[in-house]
Amino acid sequence: MKLNNIRLLVEDFDACFSFYAEKVGLPVTWGKAGGDYASFDIGLESNKMGLSIFKSDLMAQAVGNVDLQLPVHCREKAVIVIQVEDVDAVFRKLSAQGISFINEPTDMSGWGGRVAHFRDPEDNLIEIYSELAKDKWSDDLIEESKDYEK
């Protein structure tokens with residue numbers, strides 16, 4: 001088995017297509033505005049379909065739960081993490097594109113990364129991330145990492 005893509009099930013396809021293609025600037029590998037399905041290149045070497053969007057109503061028909069509602073006002077169960085070279089530069093670029101961030105770029109020493117978070121038009125949580133130099137990691141993370149050194 002190998003992961004093919006992460007597919008977000010969306011209500012407003014065109015708003016999400018525009019967001020990922022134009023504001024975030026992900027290359028479109030399939031689909032267009034007005035469609036039902038689109039995929040975007042998120043830099044995975046294995047394929048060009050790392051992130052895709054699909055109309056939620058069509059998936060609901062396929063899996064037989066058209067009568068159920070989408071969750072609202074609940075805690076996230078997933079986050080899309082996009083690794084970037086420079087969180088601060090990408091933060092400035094995306095902010096200039098009109099993306100509102102939840103938080104400013106922040107060093108998370110316990111995570112080993114610098115991060116900032118924003119949401120897409122359907123409220124999916126997105127994190128931009130870059131690795132921190134190991135000397136900026138928390139002592140706990142440094143200690144834990146010893147279990148995984150080769």
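The structure reproduced in this document is the subject of the present report.

**Focus on the pattern of salt bridges**
Part 1 of the reasoning: For the structure shown, the criterion picks out seven salt bridges.
Part 2 of the reasoning: Between Arg 114 and Asp 107 there is a salt bridge whose closest N-O contact spans 2.7 Å.
Part 3 of the reasoning: Lys 146 is the salt-bridge partner of Glu 143, the closest N and O atoms lying 3.3 Å from each other.
Part 4 of the reasoning: In this structure Lys 146 comes out as partly exposed when scored by relative accessible area, which is 46%.
Part 5 of the reasoning: One salt-bridge network, held together by shared partners, links Glu 76, Arg 119 and Asp 123.

**Here's the deal with the sheet that holds strand 8 (residues 125-131)**
Part 1 of the reasoning: As summarised here, the arrangement of the four strands in space is 5-8-7-6, forming an open sheet in which the pairing is mixed. The open sheet has two edge strands, strand 5 (80-83) and strand 6 (106-108), and neither has a second partner. Each neighbouring strand pair of the sheet contributes to a mean axis angle of 35 degrees, computed without reference to strand direction.
Part 2 of the reasoning: In the sheet, strand 5 pairs with strand 8 via four bridges, with the strands oriented parallel. Counterpart to Gln 83 in the pairing with strand 8 is Tyr 129.
Part 3 of the reasoning: Seen against the sheet, helix 3 (residues 87-96) touches strand 7 (113-119) and strand 8 and runs at an angle of roughly 20 degrees to strand 7.

**Comments concerning a negative patch on the surface**
Part 1 of the reasoning: Together, Glu 11, Asp 12, Asp 14 and Asp 57 make up a region of like negative charge exposed at the surface.
Part 2 of the reasoning: Relative to the helices and strands, Glu 11 resides in the loop between strand 1 (6-10) and helix 1 (13-23).
Part 3 of the reasoning: Classification of Glu 11 as exposed rests on a relative accessible area of 59%.

**Here's the deal with the environment of Leu 8**
Part 1 of the reasoning: Mapped onto the fold, Leu 8 is located in strand 1.
Part 2 of the reasoning: The class of Leu 8 is buried, set by a relative accessible area of 10%.
Part 3 of the reasoning: Leaving out residues up to four positions away in the same chain, Leu 8 has contacts with Tyr 20, Leu 51, Ser 52, Ile 53, Phe 54, Ile 80, Asp 120 and Asn 124.

**A look at the packing of aromatic side chains**
Aromatic ring pairs are described here by two measures, namely the spacing of the ring centres and the angle between the planes.
Part 1 of the reasoning: Tallying each qualifying case throughout the model produces eight aromatic pairs.
Part 2 of the reasoning: Relative to Phe 101, the ring of Phe 91 has its centre 4.5 Å away and its plane inclined at 55 degrees; by these criteria the two rings are tilted. Here Phe 91, found in helix 3, pairs with Phe 101, found in the loop between helix 3 and strand 6; they are ten residues apart in sequence, far enough to count as distant. An identical accessibility class is assigned to Phe 91 and Phe 101; each is buried.
Part 3 of the reasoning: Cation over ring: Arg 7 sits above Phe 54, and NZ or CZ is 5.7 Å from the ring centre.

Conventions we followed
- Residues numbered from 1 in each chain as written.
- Predicted model: local features only at pLDDT ≥ 70, side-chain atom pairs only at ≥ 80, totals over all residues.
- Heavy atoms only, no water.
- Salt bridge = Lys/Arg side-chain N within 4 Å of Asp/Glu carboxyl O.
- Buried < 20%, exposed > 50% of the residue type's maximum accessible area, 1.4 Å probe, protein only.
- Pairing = 2+ DSSP bridges.
- Helix = DSSP H or I, 4+ residues; strand = E, 2+ residues; numbered from the N terminus.
- Axes fitted to C-alpha atoms, helices over the stretch in contact; angles between N-to-C directions.
- Contact = heavy atoms within 4.5 Å.
- Patch = residues over 30% accessible without salt bridge, like charges linked within 9 Å, V, L, I, M, F, W, Y side chains within 5 Å.
- Areas by Shrake-Rupley, 256 points an atom, 1.4 Å probe, with all protein chains shown as cover.
- Lys, Arg positive; Asp, Glu negative; His and termini not counted.
- Charge placed at Lys NZ, Arg CZ, Asp CG, Glu CD.
- Phe/Tyr/Trp six-rings, centres within 6.5 Å; stacked < 30°, edge-to-face > 60°.
- Lys NZ or Arg CZ within 6 Å of the ring centre and 35° of its normal.

Taken by themselves, the reported measurements are silent on function.
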